[in-house]
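Report on the structure
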Amino acid sequence: MAETHVLFVEDDDVIREATTLALERDGFVVTAMPDGLSGLESFRANRPDIALLDVMVPGMDGVSLCRRIRDESTVPVIMLSARADSIDVVLGLEAGADDYVTKPFDGSVLVARIRAVLRRFGHAGGPRNGGQGSHDEGQDAERGVLSFGDLEVDTEGMEVRRAGVAVALTPTEMRLLLEFSSAPGTVLSRDRLLERVWDYDWGGDTRVVDVHVQRLRTKIGQDRIETVRGFGYKLKA
């Protein structure tokens, strides 16, 4: 994906250099930084298209850096973790990361995950401000606005309102809500959500789904998405 700017924060010199070369061979423009503080400065100066953040970097760890980036932007973030079972994976996702890759990783796998994230971000931008005012049900239907109690999802304008107040979602959260709102009352399995929202055509870690559902609940209402034990989740109609 030519001309896509990647911010890569990694303190290991060998991994940083080898991964940078691999990404550049695939057409990415890479800015590589050795610590969290320089990574934050680079992010603010260059506004990359995607950020790859190692969890354990000096100065400011990757989880804290992810939180700072998420405070300022909805740019996609992929965390890099040395252990698949590490609590750092969940912490990174809770901080606002969209996905994670476990070390050691194959360069082709990393590229595939980057492209998958970028594809879904291209499909659903973050909600914009505005859209104030009331509409009758006929107008809402024509505009592609779906209503679930006090929750309104504008599937064309990519806006979400709760009790008339705009709700800011990341693109991944927006895609997840669109998937739920397309089939209200229907139980969606974690595997289906991984495939449809994260663009995985291979098995993935369902913790990614669980953490994102919880993040979405905090924004649209804890009781709006129901857990169906052993099967998945459903949006209450």
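What you see is a predicted model; the values in this text were computed from it and never measured.

As a further point, take the pattern of salt bridges. Tallying each qualifying case throughout the model produces 18 salt bridges. The shortest N-O distance in the salt bridge between Asp 99 and Arg 113 comes to 3.2 Å. A residue pair is termed long-range when its members are at least 10 positions apart, and Asp 99 in strand β5 (residues 99-102) and Arg 113 in helix α5 (residues 107-123) qualify at 14 residues. Taking the relative accessible area as the measure of exposure, Asp 99 reaches 1% and is therefore buried. Connected through shared salt-bridge partners, Glu 10, Asp 54 and Lys 103 make up one network.

Let's shift gears to the packing of helix α7 (residues 171-181) against helix α8 (residues 190-197). Look at α7 against α8: their axes get within 10 Å of each other, and the N-to-C directions meet at 125°. Relative to α8, the element α7 lies oblique. For the pair α7 and α8, the crossing hand works out as right-handed. Here α7 contributes Thr 172, Arg 175, Leu 176, Glu 179 and Phe 180 to the contact with α8, which in turn contributes Arg 192, Leu 193, Arg 196 and Val 197. When the residues that make up the contact of α7 with α8 are grouped by side-chain class, the tally is four nonpolar, one polar and four charged.

So, about the sheet that holds strand β6 (residues 145-148). Pairing within the open sheet is antiparallel, and its four strands lie in the order β6-β7-β8-β9. On the outer flanks of this sheet lie β6 and β9 (165-166), each paired with one strand and no other. Taken together, the two bridges between strand β8 (residues 159-162) and β9 define a ladder with antiparallel strand orientation. Across the sheet, residue Arg 162 finds its bridge partner in β9, namely Val 165. Sitting on the sheet, α7 is in contact with β6, β7 (151-154) and β8, with an inclination near 105° to β7.

Cis geometry marks the peptide bond from Lys 103 to Pro 104, where omega comes out at -10°. Mapping Pro 104 onto the fold places it in the loop between β5 and α5. Of note in the backbone geometry, Arg 47 takes a positive phi value of approximately 45° without being a glycine. Looking at where Arg 47 falls in the secondary structure, it is placed in the loop between α2 (36-46) and β3 (50-54).

Cut-off values and rules
- Residues numbered from 1 in each chain as written.
- Predicted model: local features only at pLDDT ≥ 70, side-chain atom pairs only at ≥ 80, totals over all residues.
- Heavy atoms only, no water.
- Salt bridge = Lys/Arg side-chain N within 4 Å of Asp/Glu carboxyl O.
- Helix = DSSP H or I, 4+ residues; strand = E, 2+ residues; numbered from the N terminus.
- Buried < 20%, exposed > 50% of the residue type's maximum accessible area, 1.4 Å probe, protein only.
- Axes fitted to C-alpha atoms, helices over the stretch in contact; angles between N-to-C directions.
- Parallel < 35°, antiparallel > 145°, perpendicular 65-115°, else oblique.
- Left-handed = near helix turned anticlockwise from the far one by under 90°.
- Contact = heavy atoms within 4.5 Å.
- Nonpolar A, V, L, I, M, F, W, Y, C, P; charged D, E, K, R; others polar.
- Pairing = 2+ DSSP bridges.

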